[in-house]
Amino acid sequence: SAHFTLGEALRRSRRLEEAGRVYDAAILLDDQDWGSAEEGSWCYELVGDLDSARRLGREAIKRIEQAIRFDPENAKAYSVGGSVLWFLGQHDRALEWVKRSMEIDPNDHLVQYNNAGFFLRQVGEIEYALGLLERCMPQLGRAQLDWMRRDPDFDGVRDHPRYLALLQKEEVRWAERATDIERE
């Protein structure tokens, strides 16, 4: 929806409070839109509006559970839902869902990326999170790499040598791709 797209643009520019309000409006327009509910919860959490974050988190889980009933192999739903469940205090269930997301599609780079953020920001397993990033980074697009530099989920490792090495490696890869394209 247009609201989700606007919310994404605001989120990516780290205008999180505004993004939260736009995502909040988006869920009123589509009762199956779990992405806006989850993203809005995340934005509200990061700006400290925990009541709104919990409200949207509960709504996200309700919608994600519905999506999983419809498609039990939806790895992204399990991944995103795990993060929301952790925030809502359901840690065991959250870990089960994240594990399930990786069982369903162990090669989905966006699921790996989301799970890296989950393990870093919420669980505190830095080395495991960085391992997931190492696996998914070769499949990430340039826009995702640029977002990773601003993604609040990775604020805790901005100066970590392994994180910085991953970013440097990807910058080199992208520079080589640009050179290859110029040669063609």
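Please refer to the structure placed before this passage.
(A) Inspection of helix α3 (residues 34–47) at higher detail. Across its 14 residues, α3 extends 20 Å between first and last C-alpha, which sits within 8% of the 20 Å expected from 1.5 Å per residue. Structurally, α3 contributes buried residues whose contacts are with α1 (2–12), α2 (16–29), α4 (50–70), α5 (75–87), α7 (109–123) and α9 (142–148). Once α3 finishes, G48 follows within two positions and takes phi at roughly 90°, a positive value.

(B) Geometry of the environment of V98. Take V98: it is sitting in helix α6 (residues 91–104). Taking C-alpha positions, V98 is 18 Å from A37, a pair spaced 61 residues apart along the chain. Each residue touching V98, except ones within four places of it in the same chain, is listed here: Y78, S79, G82, N115, F118 and F119.

(C) Geometry of the environment of T179. The topology assignment puts T179 in helix α10 (residues 161–183). Using a relative accessible area of 33% as the deciding quantity, one classes T179 as partly exposed. Between the C-alpha atom of T179 and that of R162, which follows or precedes it by 17 residues, the distance is 26 Å.

(D) Quick look at the pattern of salt bridges. For the structure on display, the rule yields 22 salt bridges. E65 serves as the salt-bridge partner of R93, at 2.3 Å between the closest nitrogen and oxygen. Placement of the pair is R93 in helix α6 and E65 in helix α4, with a sequence separation of 28 residues. Here the salt bridges share partners, and the residues they tie into one network are E73, K99, R100 and E103.

(E) Structural context of the nonpolar core. Counting residues in each nonpolar core, the largest one holds 53 residues, and the members touching the most others are I64, Y113, L133, M137, M148, F154 and Y163. With eight residues, α5 is the largest single contributor of residues to this core. In this view, Y163 contacts L130, L133, M148, R149, F154, V157 and R158; residues no more than four positions away in its chain are not counted.

(F) Seen up close, the side chain of R11. Assignment of secondary structure puts R11 in helix α1. For R11, a relative accessible area of 6% translates into the label buried. In this structure the side chain of R11 is engaged in a polar contact, spanning 2.7 Å, whose partner is the side chain of E8.

Definitions and limits used
- Residues numbered from 1 in each chain as written.
- Predicted model: local features only at pLDDT ≥ 70, side-chain atom pairs only at ≥ 80, totals over all residues.
- Heavy atoms only, no water.
- Helix = DSSP H or I, 4+ residues; strand = E, 2+ residues; numbered from the N terminus.
- Expected span 1.5 Å × (residues − 1).
- Contact = heavy atoms within 4.5 Å.
- Buried < 20%, exposed > 50% of the residue type's maximum accessible area, 1.4 Å probe, protein only.
- Salt bridge = Lys/Arg side-chain N within 4 Å of Asp/Glu carboxyl O.
- Core = buried A, V, L, I, M, F, W, Y, C linked by side-chain atoms within 4.5 Å.
- Polar contact = N/O pair within 3.5 Å; in protein donor to acceptor, adjacent residues only side chain to side chain.

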